[in-house]
Amino acid sequence: MDSGQIRRFSSRTHRLDSSFLLQHLKGARSYKRIAGYFTSSLFEVANELLESIPEVKIVCNVDIHPDDLKVAQLRESKMIGRWNEKAIETEALLNRDRYRRLDNFLQKHGQAVRVAPDSVCGFLHGKAGVIELADGKKLGFIGSMNETRSGWQRHYEILWEDESTEGIAWIEEEFNFLWNAAKELPRAVIREVRRRGYRREVVFDEINEDTDLVPAALIESPLYREGLSLQPWQQGFITECIRHYQNHGIVRLLLADEVGLGKTLSMGTAALALCLLSDKEHKARRPIVIFAPATLCEQWQTEMIDKLGIPCARWQTQKKVWLDHEDRIISPAGREQIAKCPLRIGIVSTGLMMRNSLEKQHLLGLRFGTVILDEAHKARSRQGFGKDAGSPNELLAFIREIADRSDHVLLGTATPIQTRPDDLWDLIGILHQGEGRFVLGNDFAKWHRPQEVLPILSGDQAVTEPSFAWELLRSPLPLVNSTQEPRARRLYSAIRQDLGLTESKLQSNSPFTDLDDITREDLEGELQRKISGATFFQRENPLVRHIVLRKRSTLEDSGLLAKIGVDVHPDRDLAKEVHLFNALFEGNALRTSEDFREAYAEARRFGKALAKRGKGGGFMKNLMEQRICSSIVAGLNTARMLLEGRTLELEEDDQEIELQLAEDGNSAEGCSVLERMIVRLEKISEDPKMQAVVHYLDKEKWREYGVIIFSQYYDTAKWVADSLAARYPDEAIGLYAGAGRSRLYQKSDSVTIERETLKKMVAEHETSIMVATDAACEGLNLQTLGALINIDLPWNPTRLEQRIGRIKRFGQLREKVDMLNLVNEQTVDEKVYERLSERMCNRYNLFGSLPDTIKDEWIEDIETLGEKMDEYINAQKEATGFDLRYTSTMAPSEKDWRDCSEVLSRRDFLELMSNGWS
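Residues numbered from 1 in each chain as written. Predicted model: local features only at pLDDT ≥ 70, side-chain atom pairs only at ≥ 80, totals over all residues. Heavy atoms only, no water.

Can you lay out the overall build of the chain for me, pointing to particular residues and giving the numbers?
A tally of regular secondary structure across the chain gives 41 helices and 30 strands. Taken over 918 residues, the chain has a buried fraction of 59%. Put simply, 74% of the contacts in the chain that link residues at least 6 apart link residues at least 24 apart. In the structure as shown, the chain presents an accessible area of about 36600 Å², 46% of it carried by carbon and sulfur atoms. (Helix = DSSP H or I, 4+ residues; strand = E, 2+ residues; numbered from the N terminus. Buried < 20%, exposed > 50% of the residue type's maximum accessible area, 1.4 Å probe, protein only. Contact = heavy atoms within 4.5 Å. Areas by Shrake-Rupley, 256 points an atom, 1.4 Å probe, with all protein chains shown as cover.)

So what's going on with the sheet that holds strand β2 (residues 30-37)? Residues and values would help.
The eight strands are arranged β1-β7-β6-β5-β2-β3-β4-β8 in an open sheet whose pairing can be described as mixed. The open sheet has two edge strands, β1 (6-10) and β8 (183-184), and neither has a second partner. Relative to strand β6 (residues 138-143), strand β5 (residues 127-132) runs antiparallel, the two sharing six bridges. Directly across from Gly129, in β6, lies its bridge partner Phe141. Along the sheet, helix α1 (residues 16-25) contacts β1, β2, β5, β6 and β7 (158-162); its crossing angle with β1, the most-contacted strand, is approximately 135°. (Pairing = 2+ DSSP bridges. Axes fitted to C-alpha atoms, helices over the stretch in contact; angles between N-to-C directions.)

Explain unusual backbone geometry to me, using residue names and the numbers behind them.
The residue after Ser475, namely Pro476, is reached through a cis peptide bond having omega -5°. Within the fold, Pro476 resides in the loop between α21 (466-473) and α22 (486-499). With an omega of 5°, the peptide bond between His569 and Pro570 qualifies as cis. At Asp327, a residue that is not glycine, the phi angle is positive and equals roughly 70°. Mapped onto the fold, Asp327 is located in the loop between β13 (321-323) and β14 (345-349). If you check the backbone angles, Ser748 has positive phi at about 60° while not being a glycine. When you line up the elements, Ser748 lands in the loop between β25 (743-746) and β26 (749-752).

Give a detailed account of a nonpolar patch on the surface, specifying residues and quantitative values.
Residues Ile6, Ile142, Trp160 and Trp170 make up a contiguous nonpolar surface patch of roughly 410 Å² in combined accessible area. Take Ile142: it is sitting in strand β6. Exposure remark for Ile142: the relative accessible area of 38% places this residue in the partly exposed category. (Patch = residues over 30% accessible without salt bridge, like charges linked within 9 Å, V, L, I, M, F, W, Y side chains within 5 Å. Salt bridge = Lys/Arg side-chain N within 4 Å of Asp/Glu carboxyl O.)

Which residues make up the packing of aromatic side chains, and what values go with them?
Applying the stated criterion across every chain, the model contains 16 aromatic pairs. In this structure an aromatic cluster arises from ring pairing among Phe9, Phe20, Tyr31, Phe141 and Trp152. Here Arg8 stacks its cationic end above the ring of Trp160, 4.6 Å away from the centre of that ring. (Phe/Tyr/Trp six-rings, centres within 6.5 Å; stacked < 30°, edge-to-face > 60°. Lys NZ or Arg CZ within 6 Å of the ring centre and 35° of its normal.)

So what's going on with the nonpolar core? Residues and values would help.
The nonpolar side chains of a soluble globular protein tend to be buried with one another. Residues Phe291, Leu363 and Phe537 are the most contacted members of the largest nonpolar core, which totals 71 residues. Setting aside chain neighbours within four positions, we find Leu363 in contact with Phe291, Ile338, Met353, Phe368, Phe398, Ile402 and Trp917. Counting 53 residues, the second-largest nonpolar core is a separate cluster that includes Met267, Trp300, Cys312 and Leu912. (Core = buried A, V, L, I, M, F, W, Y, C linked by side-chain atoms within 4.5 Å.)

Let's hear about helix α10 (residues 187-197): which residues, and what values?
Most of α10 sits inside the fold, with eight of its eleven residues counted as buried. Turning to α10, its buried residues number three or more, namely Ala188, Val189, Ile190, Glu192, Val193, Arg195, Arg196 and Gly197.

An account of the pairing of strand β16 (residues 406-412) is requested, with residue identities and associated values reported.
Of all seven residues in β16, seven are buried; the element is thus mostly enclosed. Of the pairings in the sheet, the one linking strand β15 (residues 368-373) to β16 comprises five bridges and is parallel in character. Across the sheet, Phe368 pairs through a bridge with Ser406, a residue of β16.

Provide a residue-level description of the environment of Glu764, including the pertinent values.
On the secondary structure map, Glu764 appears in the loop between α35 (755-763) and β27 (769-773). Owing to a relative accessible area of 23%, Glu764 belongs among the partly exposed residues under this scheme. Separated by 686 residues in sequence, Glu764 and Lys78 have C-alpha atoms that sit 9.4 Å apart.

Can you explain the pairing of strand β28 (residues 787-790)? Please cite residues and give values.
Side-chain alternation along β28 places Ala787 and Ile789 on one buried face and Leu788 and Asn790 on a second face that is also buried. By the bridge criterion, four bridges tie strand β23 (residues 707-711) to β28 in an arrangement that is parallel. Looking at the pairing, Phe710 lines up with Asn790 of β28. One ladder, built from four bridges, connects β28 with strand β29 (residues 816-821); its direction is parallel. Among the inter-strand pairings, Asn790 is bridged to a residue of β29, identified as Asn821.

Break down the sheet that holds β16 for me, citing the residues and quoting the values.
Pairing within the open sheet is mixed, and its eight strands lie in the order β13-β12-β14-β11-β15-β16-β10-β17. Across the chains shown, the open sheet's two edge strands, defined by having one partner strand only, are β13 and β17 (547-548). On top of the sheet, helix α13 (residues 232-248) reaches β10 (252-255), β16 and β17; it is set at about 160° to β10, its chief contact. Here helix α14 (residues 263-280) sits on the sheet in contact with β10, β11 (288-292), β15 and β16, set at roughly 170° to β16.

Which residues make up a negative patch on the surface, and what values do they have?
Side chains of Glu465, Asp516, Glu521, Asp522 and Glu524 sit close together on the surface and give a patch of like negative charge. Mapped onto the fold, Glu521 is located in helix α23 (residues 517-528). The exposure class of Glu521 is exposed, given its relative accessible area of 55%. (Lys, Arg positive; Asp, Glu negative; His and termini not counted. Charge placed at Lys NZ, Arg CZ, Asp CG, Glu CD.)

A description of the confidence of the model for the chain should follow, citing residues and the corresponding values.
In the predicted model, the chain carries a mean pLDDT of 84, and the fraction of residues at 70 or more is 84%. Note on residues 842-849: pLDDT under 50 across the span, and 32 contacts to partners over four residues away in sequence or across chains. (pLDDT = per-residue confidence, 0-100.)

Can you break down the packing of helix α30 (residues 623-630) against helix α31 (residues 632-643) residue by residue, with the values?
Between α30 and α31, the least distance of the axes is 5 Å, while the angle of their chain directions is 140°. On the basis of their axis angle, the class for α30 and α31 is oblique. Residues Met624, Arg627, Ile628 and Ser630 of α30 pack against Ile632, Ala634, Gly635, Thr638, Ala639 and Leu642 of α31. (Parallel < 35°, antiparallel > 145°, perpendicular 65-115°, else oblique.)

How would you explain α35 if you had to name every residue and give the values?
Residues of α35 that are buried: Arg755, Leu758, Lys759, Met761, Val762 and Ala763. After α35 finishes, the residue His765 shows a positive phi value of roughly 65°.

Can you tell me about the packing of α31 against helix α32 (residues 668-682), naming the residues and giving the values?
Look at α31 against α32: their axes get within 10 Å of each other, and the N-to-C directions meet at 145°. In this structure, α31 crosses over α32, and the sense of that crossing is left-handed. Judged by residue contacts, Ile632, Gly635, Leu636, Ala639, Arg640, Leu642 and Leu643 of α31 engage Cys671, Leu674, Glu675, Met677, Ile678, Leu681 and Glu682 from α32. Taken together, the residues of the contact of α31 with α32 sort by class into ten nonpolar, one polar and three charged. (Left-handed = near helix turned anticlockwise from the far one by under 90°. Nonpolar A, V, L, I, M, F, W, Y, C, P; charged D, E, K, R; others polar.)

If you want it as structure tokens, here you go:
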């Protein structure tokens with residue numbers, strides 16, 4: 001037995017810091033410490049002494065699931081998220097000195113602190129350490145105190161000091177095991193410590209740089225508090241908006257990023273940036289409006305509040321009132337109320353703008369600060385050969401008028417912009433209205449005539465004659481700051497000097513001969529020079545200046561987006577138990593019963609009966625087919641609602657429609673069809689879709705990965721959640737849906753629950769089965785789940801890409817995730833899915849180059865569907881000047897927003913966003 005002395009201390013009789021810790025750390029050679037929980041008050045007591053000790057190693061624990069510790073980015077976000085659960089404002093103010101001391105230590109010894117995963121130690125409750133003194137002698141100690149001022153000075157604590165070789169070896173063995181199992185303290189956490197040490201709340205006038213406004217407003221938004229952040233390309237779009245604002249005083253941009261790159265967040269943040277810039281300069285507070293298809297309005301509202309902390313109002317078309325994000329009515333009722341939004345940002349359905357309505361007239365009486373149009377490609381000229389061909393559709397005519405009355409206009413589309421030049425010029429034409437009349441130059445500029453300039457933009461026609469180049473260049477005359485390319489900037493600067501033009505002048509009537517000889521030579525040189533195969537006018541033209549387009553493949557190649565593979569099911573080759581698989585599936589489709597097939601035939605007859613009554617073609621005609629293909633429950637509920645005379649609110653591609661069956665004398669045929677359909681559906685004891693879901697959860701073992709199950713209909717989602725809750729009573733199952741309809745199930749019971757709580761439960765691995773509707777899809781980050789089931793197939797590849805994007809994101813532990821798409825045999829869904837799945841073989845980029853919506857006329861002739869998709873895919877493969885220009889807006893900015901220590905107070909920020917339209 002070692003004879004080393006053991007001494008015992010109690011805070012009741014000794015000041016533990018002065019009688020033990022500080023006394024021994026003076027001049028010490030090393031300090032190894034198992035310190036318990038990682039907090040901002042680490043080293044608060046012995047900070048100065050620790051500074052001078054050559055070797056300091058402290059292992060803490062942090063309450064993070066072991067899987068999340070494996071991925072560096074996830075480890076960072078989870079730790080910051082943990083810290084931010086307390087009110088930052090109070091915490092940072094009261095503990096500023098503590099954060100600064102910790103920051104000083106971490107700047108020099110960041111690697112001195114490690115965090116141990118829960119899988120190794122659960123909650124790290126044992127506290128111990130070893131100090132090597134100046135003379136080489138070692139002291140071990142074991143006690144109950146954390147490495148905090150409270151632990152060493154205030155709480156009741158006990159401590160044993162042990163000099164024995166045996167005791168010291170035992171503590172060191174424990175320490176070394178934990179240290180080797182632990183991970184380094186993430187850089188992001190070290191930076192957050194510094195930010196808090198220097199955090200202060202500011203007012204607008206104290207923020208000098210325009211580029212600092214958005215970080216000051218957003219650094220403590222829900223997104224950043226969760227430890228996440230805007231992606232570099234999203235920040236890049238904000239930078240581009242601010243550059244346009246500085247150059248022109250207004251912003252006119254089309255955001256055409258590929259599907260799944262977060263356009264909603266990019267445009268929402270841009271709206272915030274423009275709002276803040278306006279307020280900083282004490283300009284009149286003008287309304288901000290977001291126009292989006294009805295199916296996306298709630299999604300916009302959810303994402304704005306859940307990610308950016310921005311409350312928005314949503315116009316309820318049927319009730320003629322404004323709703324907040326909790327679906328509460330926040331305005332009086334009446335069509336005229338659309339012009340009196342009670343919050344700074346209002347969200348309005350484009351469907352309402354596709355027909356003549358009093359609401360449109362009320363909106364046209366306003367002057368707007370910022371207008372956003374999502375799914376902007378729906379604003380287009382009419383096609384075909386009739387008398388209306390070439391004229392603007394209702395949405396295009398309306399949005400042109402609105403743009404004419406707006407300072408800033410932002411358009412968003414995921415549709416490849418190279419496919420139909422006329423559509424692209426329609427969109428650019430919106431930007432060119434009102435204050436934006438410089439976008440395409442004066443009325444005589446060649447840029448208004450797509451047929452003349454398209455061959456130049458595509459590189460098919462080379463511009464070699466300098467005088468012709470001058471015709472293209474003089475209107476609109478590019479600003480020096482409109483490009484980052486050094487030689488183009490020099491050329492634009494020289495032109496302005498030669499002609500005596502101010503920096504902001506956008507036209508020149510001077511002939512080419514008025515330019516200096518050297519400037520003309522420079523222009524000739526630029527016409528001959530190519531960059532990555534692109535000519536001068538492919539790189540430098542009005543379209544490239546006003547359209548921002550980033551491709552998923554480019555982001556993946558540059559390492560900004562994870563390449564996560566996707567195995568697409570059903571696939572017999574991937575099945576674990578082939579005989580069970582064959583019992584469920586015939587090829588890519590589910591086997592169905594005679595009753596289902598007869599009910600489906602009745603659903604088609606219902607569509608034809610609707611069409612006969614002139615009740616909308618297109619998706620209306622397929623209404624009942626889509627519902628019955630989603631689930632038997634959705635089909636039954638819809639049919640019963642219509643028979644009861646209740647109204648269905650639907651959105652077709654371009655307009656909102658209310659359908660009520662018993663509204664005229666010709667509905668008898670429709671009623672009898674629905675009655676026969678209901679009889680057939682009620683005979684089906686189990687929906688084959690549920691059999692397939694259970695097969696994949698149990699036999700294919702997907703429950704082990706964690707699963708998200710998506711439906712486009714709330715009826716179907718709720719039925720799936722109810723059914724799975726009954727089947728797996730011990731499992732916590734979440735239903736993530738729109739306003740106020742989310743639920744949590746367990747033990748044959750369920751409760752309403754906030755979406756945020758469900759998100760946290762998934763993040764903390766407390767639930768492995770989540771059912772969700774598309775309305776709620778955008779706000780979800782589900783990288784802790786490894787598989788996805790599409791219970792139904794939206795005829796909208798954008799939706800499918802958004803769904804898979806919920807799990808195919810940074811922090812996903814699996815190199816390949818699984819996706820199951822369920823369609824019933826001998827239905828239109830099966831035919832659409834066949835065409836889709838032929839084009840889903842690329843394991844990384846499933847839908848990035850597919851159209852955002854499969855149009856109903858394509859489905860009429862299913863054979864042409866594949867050809868139409870291929871047109872889009874091939875157009876998307878062409879390299880453009882956009883690729884070159886916007887590569888720079890994908891890289892992280894020099895100034896990381898997460899370092900922003902000067903913040904706008906949340907109270908001031910919310911007050912600012914709560915100013916209604918006046």
